Amino acid sequence: MTTAFPLDRIDRRILHELMRDATLPVSQLAERVGLSQTPCWKRVQKLEAAGIITGRVAIVAPAAIGLGLTVFVEIEAADHTPEWRTAFAKVIEDYPQILEVHRMAGEVDYLLKIMVSGMAAYDALYLDLTQRVPCRNVTSKFSMARMKATTALPIDI
């Protein structure tokens, strides 16, 4: 949970630069946003403390580590009780292959983004997941090609 934190133009530029390359040395980051190193570093630390910067990661090519299949899974809940939601939330935490889970408005209740090595791995996950948590309907959609992917959020700088 982030703390309310007013972002000025420089904070937004810092976020813009770090979302594109979190490995930037403070000296280069400071130069790009128009600050000296110490004030720049203090702003980064404040953004982290406020929960706005939540981590820094390496972005890896999925195919390079054997993850050749991306599946988007639409789930309709078996029921809409707090107990079902709690059980579902607990079960999905057990699968590192499930990268994202969104509670949706509309025809489906949840949308999952799953990355696995191939169809056999997805089938095993599907069978295990649907055995562990009852669902009214599960629809799988297989990505043919990833045409755009970014982790950089659109921020007004």
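For the structure, check the block above.
The structure presented is a predicted model; accordingly, all values stated were derived computationally and were not measured.

Observations concerning the overall build of the protein
A count of helical and extended segments in the protein gives five helices and four strands. In summary, the protein has a C-alpha radius of gyration of 20 Å against a globular reference of 15 Å for 157 residues, an excess of more than 25%. For the protein, the spread of C-alpha atoms along the three principal axes comes to 55 × 35 × 25 Å. Within the span of the protein, comprising 157 residues, buried residues form 28% of the whole. Taking the intrachain contacts of the protein between residues at least 6 apart in sequence as the baseline, contacts between residues at least 24 apart amount to 65%. Surface accessibility of the protein: about 10,500 Å² in total, with carbon and sulfur atoms responsible for 55%. Between the averaged position of the 18 positive side-chain charges in the protein and that of its 18 negative side-chain charges there is a distance of 8 Å.

Describing the packing of helix α1 (residues 9-20) against helix α2 (residues 26-33)
Across the interface, α1 lies against α2 with an axial gap of 9 Å and an inter-helix angle of 130°. Between α1 and α2, the angle is such that the two are oblique. The interaxial crossing formed by α1 with α2 has right-handed handedness. Taken together, the residues of α2 that come into contact with α1 (itself represented by I10, R13, I14, E17 and L18) are L29, R32 and V33. Broken down by class, the residue content of the contact of α1 with α2 amounts to five nonpolar, no polar and three charged.

What counts and how
Residues numbered from 1 in each chain as written. Predicted model: local features only at pLDDT ≥ 70, side-chain atom pairs only at ≥ 80, totals over all residues. Heavy atoms only, no water. Helix = DSSP H or I, 4+ residues; strand = E, 2+ residues; numbered from the N terminus. Rg over C-alpha atoms; globule rule 2.2 N^0.38 Å. Buried < 20%, exposed > 50% of the residue type's maximum accessible area, 1.4 Å probe, protein only. Contact = heavy atoms within 4.5 Å. Areas by Shrake-Rupley, 256 points an atom, 1.4 Å probe, with all protein chains shown as cover. Lys, Arg positive; Asp, Glu negative; His and termini not counted. Charge placed at Lys NZ, Arg CZ, Asp CG, Glu CD. Axes fitted to C-alpha atoms, helices over the stretch in contact; angles between N-to-C directions. Parallel < 35°, antiparallel > 145°, perpendicular 65-115°, else oblique. Left-handed = near helix turned anticlockwise from the far one by under 90°. Nonpolar A, V, L, I, M, F, W, Y, C, P; charged D, E, K, R; others polar.

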